[in-house]
Structures are given as C-alpha cells and as structure tokens.
Amino acid sequence: MAGGNERSMKALKEVWKRAENSSCADCGKPDPDWASSTLGVFICLSCSGIHRNIPSISKVKSLKMDYWDDAQVQFLAKHGNAVTKAIYEAHIPIYYYQPTYNDCQVLREQWIRAKYERKEFTEPGKQSPYSDGVKEGILWKRGRDNGQFLPRKFLLSEREGCLKYFTKQDAKEPKINVKIDVINATFQPEKIGNPNGLQITYLKDNKTRNIFVYHESGKEVVDWFNAIRSVQFHYLKVAFPIASDNEIKNRLTRNFLKEGYMEKTGPKQREAFKKRWFTLDHRRLMYFKDPLDAFAKGEVFVGSRENGYSVQKGLPSGTQGNFSWHYGITIVTPDREYLFTCETESEQLEWIRVFTSVINQAMTPQEYAIEAYFKFKS
C-alpha cells in the first residue's frame, strides 16, 4: 500500500511540474497547489474555494495534503491545464474580460462558472447574455445626493452606441444618455459596500461622472460588465477599421491604477492640507471629498517625462501648509508643483511607483489633446 502511494505521489509530482500547470488554470496565479480531480486542472487555493461551491462539476483536492489514487493521477496526466483550457476556453470572445488573481471575487467566480458550469465558451454563439448588442434590465443605483440605492432601468444599445438609464420603469426619456466610447466600468465591491458593486464612469464636458450600481445576482452584474465591453468593441471596430482586435481590446474598460486617501494643499501651497480620496485613471488623477462622490472636486493631468513631468519623494523645503501626514510626494508639471502627503511610507512608495510608471510612458495624440484641455481650463 505504501509503495503504491509513493508511486502515485511521484507520478503526481511529474504532472504537477509540467510548464502548463505552473500557474492557476483560472486566474493565472503562480504555483497552484490544488487540483480538480473531475476537470483535470491545477488551481490556486482561492479558486479551489470557488470550485468547491460547484460540487456537481468539480471535486478539488490539495496536491500537498490529500491522497491521490492512481486513477486520479492518470486523469490529471491525461488532461492538465492545456488540454482542459482547449475545451472550456475554445471560443472566448475577444472582448470578454478574463480575470486574474488580483480581481474581485464576483469576477473570478462568474468566470469559473461560465467556463465549467454553463460551458459558455465550448462552442461559438453561446454568449447571448452579453453579446446580443442590446441589454436591458434593473440595476440598483446609488443616488447622487442622498446616497440611497434605488432600482433603475438601464438600457445598453449597440445600434445607438449608448448606455441609458431611466428613473422610472415607464419613463420615455432617459435620465442620462451616454455615448459608449466615453464609458468605463470597474468592479468596486469594497468602495460600494456590496460584493457585486460596479462603478460606471463617463466623461461629461471632459469631466468624469461616477455612477455606482450593483445587482443581487453576480452573474447579472458580470453580464452587464461584459455587455458594455462587447458594445464598446464593436463600436471601436467601426470607428477604427484598421486597428487590430488586440489594439481595440486594450482600449476597452480598464481598472484604476490606484485609489486611496492622501492629503493635498492648494496652488499657493500655504493652505492647510486636506484629506481627499484620490483615483488615478491612467493620466487623470482625480480627487474627491468622499469615495462615492459623483463628481471630482478637481483633477490633475499626469503627463510624460519628456514633456516636463516628474514625481519626487518628499515636499519642497519650506512648505508652509499644515499637514498631519508626513510622507510627502511632489508631482512636477510644466506649470506648477502639486503637493501631497500619505499616512504611511508604504502608501507613499506605492503612489510614487504608479506615478513613475505613467510618467515614463510616451503620450498618445489623444492624451496631448487632454493635456491641452487641462492647460486651457487652468
């Protein structure tokens, strides 16, 4: 018996160390140490918890702590991540968002359920909940002024190239009608206080407007998210006919580079520093009094190094404004310096890292136009 167990463990380790099985089949996290004995995939601990919630599809076991018999090891050897992905990921639409281990629970869970439970990608044409070019339904939307979540009818239309929402079910005119090319969507469960919380942003008069929504169903809110990406993709295919599919995919919804509290002072740099919530959306650094504000109190454009932008650790000597946090950051632009402070050194270093990453990137023609707008406004 002991010899058989040793033989199984040796064979298991051989399969486990194949290059294809070196990252989680579902989220890409390196060094997975769990596997599904019914699907034949190697997965991380976090994804194994999601698999465990669909026991009719997947039986998971630890590769380190559980016993694997010969038949189960042979099944893993016959399948593995590459073979299983070829089956369950055969027809993923290019616009469909494939989450990583850094993404929230609802995105990862619905990705796993879409693959193995609903088998949405095993053959073409099974993606109707988000690929029909139109989606209509109820989302719970946070009120701009009272903060109360109320049901609102939303309509997404590829033919019209827009997203609308209505304050009443039978309303003929929408409260908003937003062009699809100025919309972004990103999951914000912690900020919104709901595991299915989605933040929809759009540009209005070149200012960012935030809408916070959720749905009780994780599947429904992820379908909305991918429906927005689907409509955006087809809109941009028409608008930029020579662009490749991958180029267009990279212009779809994006996660914010970083969010969090910092203190800031005014342009004279003699005012007291005030605590604000900051959101860095690529080159737009927006600050809010509250994380759930509909509009930013202000925005800072973060350009490229070759155009005179830089970030420095600390504050200029002689800074007069009163501040309670002592880990300073200075963003230098061609026109002025912006001063911020962070509560901890780790936050300071992380903000500097993301600012540096943006500043080191060359600006696109569209970003030059945005920079010109910011200069004109100021």
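Residues numbered from 1 in each chain as written. Predicted model: local features only at pLDDT ≥ 70, side-chain atom pairs only at ≥ 80, totals over all residues. Heavy atoms only, no water.

Asker: In this structure, what is going on with the pattern of salt bridges? I would like to understand it.
Answerer: When their charged atoms lie close together, side chains carrying opposite charge are able to pair. Going through the model one piece at a time under the given rule, you end up with 22 salt bridges. The shortest N-O distance in the salt bridge between Lys-191 and Glu-259 comes to 2.7 Å. Linking Lys-191 in helix H7 (residues 189–192) with Glu-259 in strand E11 (residues 258–264), this pair joins segments that are 68 residues apart in sequence. Overall, Lys-191 belongs to the buried group, its relative accessible area being 14%. Taking the relative accessible area as the measure of exposure, Glu-259 reaches 18% and is therefore buried. (Salt bridge = Lys/Arg side-chain N within 4 Å of Asp/Glu carboxyl O. Helix = DSSP H or I, 4+ residues; strand = E, 2+ residues; numbered from the N terminus. Buried < 20%, exposed > 50% of the residue type's maximum accessible area, 1.4 Å probe, protein only.)

Asker: Is there a simple way to think about the domain arrangement of the protein chain in this case?
Answerer: Much of the literature gives interface size as the accessible area that the parts lose upon coming together. Splitting the protein chain by domain gives domain 1 (1–117), domain 2 (130–250) and domain 3 (258–376). Spacing between the C-alpha centres of domain 1 and domain 3 amounts to 42 Å. (Domains from an automatic or database assignment.)

Asker: Whenever I open this one, the nonpolar core confuses me. Can you help?
Answerer: Note on soluble globular proteins: their nonpolar side chains tend to be buried together. Within the largest apolar cluster, 54 residues are counted, with the highest numbers of intra-cluster contacts made by Ile-43, Tyr-96, Leu-156, Ile-183, Phe-187, Leu-198 and Ile-200. Per-element accounting of this core gives the leading share, nine residues, to helix H8 (residues 218–239). There are two domains that each give this core at least three residues, and those are domain 1 (1–117) and domain 2 (130–250). Leave out the neighbours within four places in its chain, and Leu-198 touches Ala-185, Thr-186, Phe-187, Ile-192, Ile-211, Phe-212, Val-213, Val-221 and Phe-225. Core analysis: the second largest hydrophobic core is formed by 23 residues, Met-262, Val-300, Phe-301 and Cys-342 among them. (Core = buried A, V, L, I, M, F, W, Y, C linked by side-chain atoms within 4.5 Å. Contact = heavy atoms within 4.5 Å.)

Asker: Help me understand the packing of helix H5 (residues 105–117) against H8, please; the structure alone is not making it clear to me.
Answerer: Running from amino to carboxyl end, H5 crosses H8 at an angle of 95°, the nearest separation of the two axes being 10 Å. As summarised for this structure, H5 and H8 are arranged roughly perpendicular, according to the angle between their axes. In this structure, H5 contributes Val-106, Leu-107 and Gln-110 to the contact, and H8 contributes Gly-218, Lys-219, Val-221, Val-222 and Phe-225. Among the residues forming the contact of H5 with H8, the class breakdown is five nonpolar, two polar and one charged. (Axes fitted to C-alpha atoms, helices over the stretch in contact; angles between N-to-C directions. Parallel < 35°, antiparallel > 145°, perpendicular 65-115°, else oblique. Nonpolar A, V, L, I, M, F, W, Y, C, P; charged D, E, K, R; others polar.)

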